[in-house]
Amino acid sequence: MVSAVSGRKLNLDNYRRDYVCHIKNLNCLAKIKIVIKKTTVNTIKKDHFIKEGLVAEISLHTIHAHILKSAEALSNLKIFDEVRKEFENYFNDGLGISDAIIYHECKLELEGDESILANASLNPKYRIVQYLHDIWWKTNLGPRIGNGVIE
């Protein structure tokens, strides 16, 4: 569970991208640092690794300051494409946002594992379902206001 912090050019010879753990309130030090080095005549002379054909440097710090499978951590996961398609089908069947959420949660409860309900990739939060509904609405019914609304 990481998020991008920066994607910046360090200088003309390097590109760097840092990913850090998204749980910031615990000062988690887990991170991934990727540096891609440009291969030029000068960098081949200066850098032994580039001379050997190794143009990327990846640093991993994998020790988190929190539990990875807690309900809070699971609630921040990105929704799976299969679940997104399920909600699109609910909307196609005429369910609204709240009805789709209730129906989906009941379906998950019938599977027997209650810990699934905390996992946002399988059981998205209201605001995510609202966003999916807005996209579905624009795609299937057009915009609600502005250009494209039938007057």
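Each remark here, short or long, concerns the structure printed above.
Residues numbered from 1 in each chain as written. Predicted model: local features only at pLDDT ≥ 70, side-chain atom pairs only at ≥ 80, totals over all residues. Heavy atoms only, no water.

1. Re the pattern of salt bridges
Then step 1. Taken as a whole, this structure holds five salt bridges when the rule is applied.
Then step 2. Its salt-bridge partner being Lys37, residue Glu57 comes within 3.9 Å of it at the nearest N-O pair. Of this pair, Glu57 sits in strand 4 (residues 56–61) while Lys37 sits in strand 3 (residues 31–37); the two residues are 20 residues apart in sequence, bridging distant segments of the chain.
Then step 3. Note on Glu57: relative accessible area 33%, which makes it partly exposed. (Salt bridge = Lys/Arg side-chain N within 4 Å of Asp/Glu carboxyl O. Helix = DSSP H or I, 4+ residues; strand = E, 2+ residues; numbered from the N terminus. Buried < 20%, exposed > 50% of the residue type's maximum accessible area, 1.4 Å probe, protein only.)

2. What to know about the pairing of strand 3
Then step 1. Pairing analysis gives seven bridges linking strand 2 (residues 14–21) to strand 3, with the strands arranged antiparallel. Bridge pairing in strand 3 links Tyr15 to Ile36.
Then step 2. The pairing of strand 3 with strand 4 spans six bridges and is classified as antiparallel. Of the residues in strand 4, the one forming a bridge with Lys33 is Ser59. (Pairing = 2+ DSSP bridges.)

3. Comments concerning helix 6 (residues 126–141)
For an α-helix, the turn length of 3.6 residues means that residues three or four places apart are oriented alike.
Then step 1. With 16 residues, helix 6 should cover 22 Å at 1.5 Å per step; its first-to-last C-alpha distance of 21 Å lies within 8% of that length.
Then step 2. Regarding helix 6, the residues found buried are Val129, Leu132, His133 and Trp136. In an axial view of helix 6, the angular spread of the buried residues amounts to 100°, which keeps them on one side of the axis. With respect to the buried face of helix 6, the exposed residues turned more than 90 degrees away are Arg127 and Lys138.
Then step 3. Turning to helix 6, the residues buried within the fold contact helix 4 (81–92) and helix 5 (97–110).
Then step 4. Phi turns positive one or two residues past the end of helix 6, at Gly142, with a value near 90°. (Expected span 1.5 Å × (residues − 1). Arc of directions from axis to C-beta. Contact = heavy atoms within 4.5 Å.)

4. Re the side chain of Thr43
Then step 1. With respect to the helices, strands and loops of the structure, Thr43 is situated in helix 1 (residues 41–46).
Then step 2. Separated by 2.9 Å, the side chain of Thr43 and the backbone oxygen of Lys38 make a polar contact. (Polar contact = N/O pair within 3.5 Å; in protein donor to acceptor, adjacent residues only side chain to side chain.)

5. Focus on the packing of aromatic side chains
Then step 1. What the rule picks out here adds up to four aromatic pairs.
Then step 2. Relative to Tyr90, the ring of Phe87 has its centre 5.2 Å away and its plane inclined at 75°; by these criteria the two rings are edge-to-face. Here Phe87 pairs with Tyr90, and both are found in helix 4, just three residues apart, close to one helical turn. Comparing Phe87 with Tyr90, the two get one shared label, buried.
Then step 3. With a centroid separation of 5.8 Å and an interplanar angle of 50°, the aromatic rings of Phe91 and Trp136 are classed as tilted. Taken together, the residues Phe91 in helix 4 and Trp136 in helix 6 connect sequence positions 45 residues apart. There is no split in this pair, since Phe91 and Trp136 are both buried.
Then step 4. By the ring-pair criterion, three or more aromatic residues cluster together here, those being Phe87, Tyr90, Phe91, Tyr103 and Trp136. (Phe/Tyr/Trp six-rings, centres within 6.5 Å; stacked < 30°, edge-to-face > 60°.)

Purely geometric stuff here, so don't read any function into it on its own.
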